[in-house]
Amino acid sequence: MGAAMRRIHVGNALSAFGLGFTVPYLYVYVAQVRGLGAMTAGLVLAVFAVAALIVLPFAGRAIVRRGPLPVLLAALVMAAIGSLSLGLAGQAPTVLLSAAALGAGQAVMQPALATMIVDCSPSETRSRAFATQFFLQNLGLGVGGLIGGHLVDTSSAASFTLLFAIEAAMFLLLVVVMATLRLPHAPRIDGAPTRSARGSWKQLLGNRAMVQLCVLGFVLFFACYGQFESGLSAYGVEAAGISTSALGTALAANTAMIVVAQFAVLRFVERRRRSRVIAAVGLIWAVAWLTAGYAGLGHASQEMATAAFVSTYALFGLGEAMLSPTVAPLVADLAPEGMAGQYNSAFALVKQLALAVGPAVGGPLGASLPTPYIVTFLLFSLGITYLAIRLGKQLTPVQNQPSLRKSRVVAQGGAQSESIAA
């Protein structure tokens, strides 16, 4: 790991730390501490998602034209301004504008950092680089949430102001850390500055493998991440009678599984076809939904229901650990030279769409219709397996299994098949 990659991983960890530091407490801060009510608090959370959806289509183009580092620095400054102003805001319009700035800045950080990882890692080590990124992101989220929870006091607005000020300071510290970073290489497409944004998106949409990966990515994020803090938690409380402390234990089990399993799973994943790894994740998550069904619908004792519910989150964590060195590097391998920023931003946009739709669908369904909820997302998990197998047919042998690059014969065969297809 070179000096540039170390800084990038520090950036990932600090940005995740800042997210975990404040976002879990936004609802309480706006609704109760500032006394603006549940409606405004809900709008703040919606503004986060909407701001990300607005800026991400432009972020990819900016990364291609300007490079990921300037875009990252601008996003960090925007997030710092949004965080500090959010801690000082007392009126609804100011709170909403501040949340928009913070949400937009944090959304743009993701594809910018991912593109920097692509620029700083050869294809042979890219899976490990993205696995490390995911590991540090989860560690940062967990540590940030833990420290933030001990700093806040719902009876004191000043404690929340301090929280947001610390987050803003961390973003500005990250600006200093990253400002002098020198990327080993940052490939560009000839004529990229004059290429229209419409042409860039048309080129991306013409890549059948990337389009299929985006569809698969939407289902992945919708059926897993989009349910963690909405539908699945509502189902656990309403159908399984899970206490809030047990829900916290389940979330901790998810993070613990990722931290413990990430690098052990990496060795297994690196030697397998990516499409088959994703298909296996769909089956693991199907088992997770069956386990959740047993917790809420199986007439088990409270202890067994709680254990099954915690196991559900742990199984999701195992699947996440398998996906982190698989999906993000695949996005990079599908991107033409110099277009990694555009492809990373497009995939981040798909993720944000899934995270916006997932809670809206899963929350009410999990709380009021537990059986249809479990059946629906069990089918979605099986759909992941089906879509992954279909995606594998669109990938070249090396795209599907990067370890084949070590075999010159296979690499040449892949190149020949591509030329024949062309």
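Residues numbered from 1 in each chain as written. Predicted model: local features only at pLDDT ≥ 70, side-chain atom pairs only at ≥ 80, totals over all residues. Heavy atoms only, no water.

Enquirer: Help me out: how do you make sense of the overall build of the protein in this one?
Expert: Looking only at helices and strands, one finds 18 helices and zero strands in the protein. Its C-alpha radius of gyration of 21 Å places the protein within 12% of the 22 Å reference for a compact globule of 422 residues. Based on the C-alpha atoms only, the size of the protein along its principal axes is roughly 65 × 50 × 35 Å. With 422 residues in all, the protein has 52% of them scored as buried. Considering only contacts in the protein between residues 6 or more positions apart, those separated by 24 or more positions represent 86%. When the accessible surface of the protein is totalled, it reaches about 18,000 Å², and 66% of it is carbon and sulfur. (Helix = DSSP H or I, 4+ residues; strand = E, 2+ residues; numbered from the N terminus. Rg over C-alpha atoms; globule rule 2.2 N^0.38 Å. Buried < 20%, exposed > 50% of the residue type's maximum accessible area, 1.4 Å probe, protein only. Contact = heavy atoms within 4.5 Å. Areas by Shrake-Rupley, 256 points an atom, 1.4 Å probe, with all protein chains shown as cover.)

Enquirer: Looking at this structure, I do not really get a nonpolar patch on the surface. What am I missing?
Expert: Among the surface-exposed residues, Leu139, Val143, Leu146, Ile147 and Leu151 lie close enough to one another that they form a single nonpolar patch of about 390 Å² accessible area. Considering the arrangement of structural elements, one finds leucine 151 in helix 6 (residues 126-151). (Patch = residues over 30% accessible without salt bridge, like charges linked within 9 Å, V, L, I, M, F, W, Y side chains within 5 Å. Salt bridge = Lys/Arg side-chain N within 4 Å of Asp/Glu carboxyl O.)

Enquirer: Whenever I open this one, the environment of valine 361 confuses me. Can you help?
Expert: Mapped onto the elements of the fold, valine 361 is located in helix 15 (residues 340-368). Look at valine 361 and you get partly exposed, because its relative accessible area is 37%. Linking valine 361 and leucine 297, residues 64 residues apart in sequence, is a C-alpha distance of 20 Å.

Enquirer: What am I meant to see in the packing of aromatic side chains here?
Expert: The description of two aromatic rings rests on the distance between their centres and on the angle between their planes. Scanning the model with the defined rule gives 16 aromatic pairs in all. Taking 5.3 Å as the distance between ring centres and 25° as the angle between the ring planes, the aromatic pair formed by tryptophan 289 and phenylalanine 377 counts as stacked. Residue tryptophan 289 is found in helix 12 (residues 274-297), and its partner phenylalanine 377 is found in helix 16 (residues 370-392); the two are separated by 88 residues along the sequence. The buried category is assigned to tryptophan 289, whose relative accessible area is 0%. Judged by relative accessible area, which is 0%, phenylalanine 377 ranks as buried. Following the ring pairs from residue to residue traces out a cluster consisting of Phe218, Phe222, Tyr235, Trp285, Trp289, Phe316, Tyr373, Phe377 and Phe380. (Phe/Tyr/Trp six-rings, centres within 6.5 Å; stacked < 30°, edge-to-face > 60°.)

Enquirer: Would you explain the packing of helix 2 (residues 26-33) against helix 7 (residues 157-179) in this entry?
Expert: To characterise two packed helices, one gives the angle between the axes of the helices and the distance between these axes. Interhelical geometry of helix 2 versus helix 7 gives an angle of 145° and a closest axis separation of 11 Å. The two elements helix 2 and helix 7 cross, and the hand of that crossing is left-handed. Note on element contacts: helix 7 touches helix 2 through Ala157, Phe160 and Phe164, opposite Leu26, Tyr29 and Val33. The residue inventory of the contact of helix 2 with helix 7, partitioned by class, reads six nonpolar, no polar and no charged. (Axes fitted to C-alpha atoms, helices over the stretch in contact; angles between N-to-C directions. Left-handed = near helix turned anticlockwise from the far one by under 90°. Nonpolar A, V, L, I, M, F, W, Y, C, P; charged D, E, K, R; others polar.)

Any functional reading would require information that these geometric values do not contain.
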